[in-house]
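Structure at a glance
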Amino acid sequence: MTLALRDIARGLGIASNITANVTTKKIIYSGNISPYESYIYDAIGSDASQAYVNATKGSLPIKIDTYGTLSLYAPSPFQNGISLNSFIPDPNKNIAQLLTYEFGRGTVIRNITDNYKDLFRYGLNWEPAIATGGSHSDESGVTQGSTDNVIPYGGTITGETTSLFTTATSEEKITKHNMQTYSNTSDFDIKTYCKPYDYNYRPDAAINKEGWTVSLLKKDGTWDVVYDLPVIPSALDVSMNDFKYHYDMDDYARTADGFLRGRVVYNQNYPDYVYGGTYRYMKVRYYDGITCHSARK
């Protein structure tokens, strides 16, 4: 069980793929880094030689916003796949106990409670307030799901940009390093992989396109955009008769009582005067009570 929990923690993103050239004593920087790895890069620095020194001091403290400090295992010489990929045990941080570098045969960890809210939000850059339900979320991001507010077949969905939708701001943390960049041999593109799960997803448009979308949840966890209104600012007043379904009805996820799961998103872009460029500001509402015709439209 403990081994399975370790694998789950690493699969969630608490892992590092940072490697080094032990002969030249330089860190090898990859062009693609995860939000979690960006904390490690900030800790070791942008100079490849000095970073190697910092990464082989026995331990490397990384400070995660709001959560606190974790100490990574940093042996000398650098061990690819092991260095910066596990923690020095900390009795006050159970995630460090679970992912300790001292883990071995017979190790059992029973208490894995931790401040995962801040660790996931700031350490892994997970967006809060992702939930399904008919009611809006409170300030803590908790939504009480309900199918009481059922939308009948052929009914309408309305919304104002000022209504009590869950607020979802999207910011990209971009860390710049003056370093030698090595090409990534993998064809895996994390942004392409994650795009279908973005709030503002449209299959054939940029992820920052403005306006309204109405989507239905599929069984595979992706969303089918059945209505798109690229107008800002504007109110939403759409009939289900205007929906364009792109899949068979059997492909859509349903509640226990047979209703479809829907999502309404409003996105508007604003200039970012601090970091430059623009950022997306979205309003989101989830529905667990949409009645649809049994046949494909």
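The paragraphs below set out a description of the structure included in this document.

Procedures and definitions
Residues numbered from 1 in each chain as written. Predicted model: local features only at pLDDT ≥ 70, side-chain atom pairs only at ≥ 80, totals over all residues. Heavy atoms only, no water. Salt bridge = Lys/Arg side-chain N within 4 Å of Asp/Glu carboxyl O. Helix = DSSP H or I, 4+ residues; strand = E, 2+ residues; numbered from the N terminus. Buried < 20%, exposed > 50% of the residue type's maximum accessible area, 1.4 Å probe, protein only. 1 Å grid on protein atoms, 1.4 Å probe; cavity = no way out; pocket = protein on both sides within 12 Å on 5 of 7 lines; lining within 4 Å. Points joined across faces, edges and corners; volume = space filled by probe spheres on them. Nonpolar A, V, L, I, M, F, W, Y, C, P; charged D, E, K, R; others polar. Phe/Tyr/Trp six-rings, centres within 6.5 Å; stacked < 30°, edge-to-face > 60°. Lys NZ or Arg CZ within 6 Å of the ring centre and 35° of its normal.

For the structure shown, the criterion picks out 4 salt bridges. One salt bridge connects Asp-198 with Arg-280, and the closest N-O pair in it is separated by 2.8 Å. On the criterion of sequence distance, the pair formed by Asp-198 in the loop between α6 (190-194) and β8 (211-217) and Arg-280 in strand β12 (residues 278-290) is long-range, its members being 82 residues apart. Residue classification places Arg-280 among the buried residues on the basis of a relative accessible area of 11%. Notably, a salt bridge pairs Asp-220 with Lys-218, separated by 3.5 Å at the nearest N-O pair. Residue class for Asp-220 comes out partly exposed when judged on its relative accessible area of 47%. Taken together, the shared-partner salt bridges connect Arg-202, Lys-209 and Asp-228 into one network.

A word on unusual backbone geometry. In this model, Ser-76 is joined to Pro-77 through a cis peptide bond whose omega is 0°. The residue Pro-77 is located in the loop between β4 (68-74) and α4 (94-98) in this model. Here the residue pair Ile-232 and Pro-233 is connected by a cis peptide bond, since its omega of -20° sits within 30 degrees of zero. Here Pro-233 shows up in the loop between β9 (223-229) and β10 (236-239). Backbone geometry at Asn-125 places phi at a positive 65°, although glycine is not the residue there. Mapped onto the fold, Asn-125 is located in the loop between α5 (116-123) and β5 (156-159). Looking at Asn-125, the relative accessible area reads 30%, which means it is partly exposed.

Counted according to the given criterion, the structure contains 2 cavities of 30 Å³ or more. Size it by volume and the second largest cavity reaches roughly 30 Å³. Along the walls of the second largest cavity sit Arg-10, Ile-14, Ala-15, Ser-16, Tyr-36, Leu-72, Leu-84, Asn-85, Ser-86 and Phe-87, which together make up its complete lining. When the residues that make up the lining of the second largest cavity are grouped by side-chain class, the tally is 6 nonpolar, 3 polar and 1 charged.

Attention now moves to the packing of aromatic side chains. Counted by the stated rule, this structure contains 13 aromatic pairs. Between the aromatic rings of Tyr-193 and Tyr-197, the centroid separation amounts to 6.3 Å while the plane-to-plane angle is 45°, which identifies the pairing as tilted. Relative to Tyr-266, the ring of Trp-212 lies with its centre 4.9 Å away and its plane at 55°, an arrangement referred to as tilted. Taken together, the residues span a long stretch of sequence, with Trp-212 in strand β8 and Tyr-266 in strand β11 (residues 260-271) at a distance of 54 residues. For Trp-212, a relative accessible area of 0% corresponds to the buried category. Counting every residue linked through ring pairs, the aromatic cluster contains Phe-243, Tyr-245, Tyr-247 and Tyr-252. One Lys or Arg, Arg-6, reaches over the ring of Phe-103 and ends 4.0 Å from the middle of that ring. Lying across the ring of Trp-223, Arg-263 places its NZ or CZ 4.2 Å from the centre.

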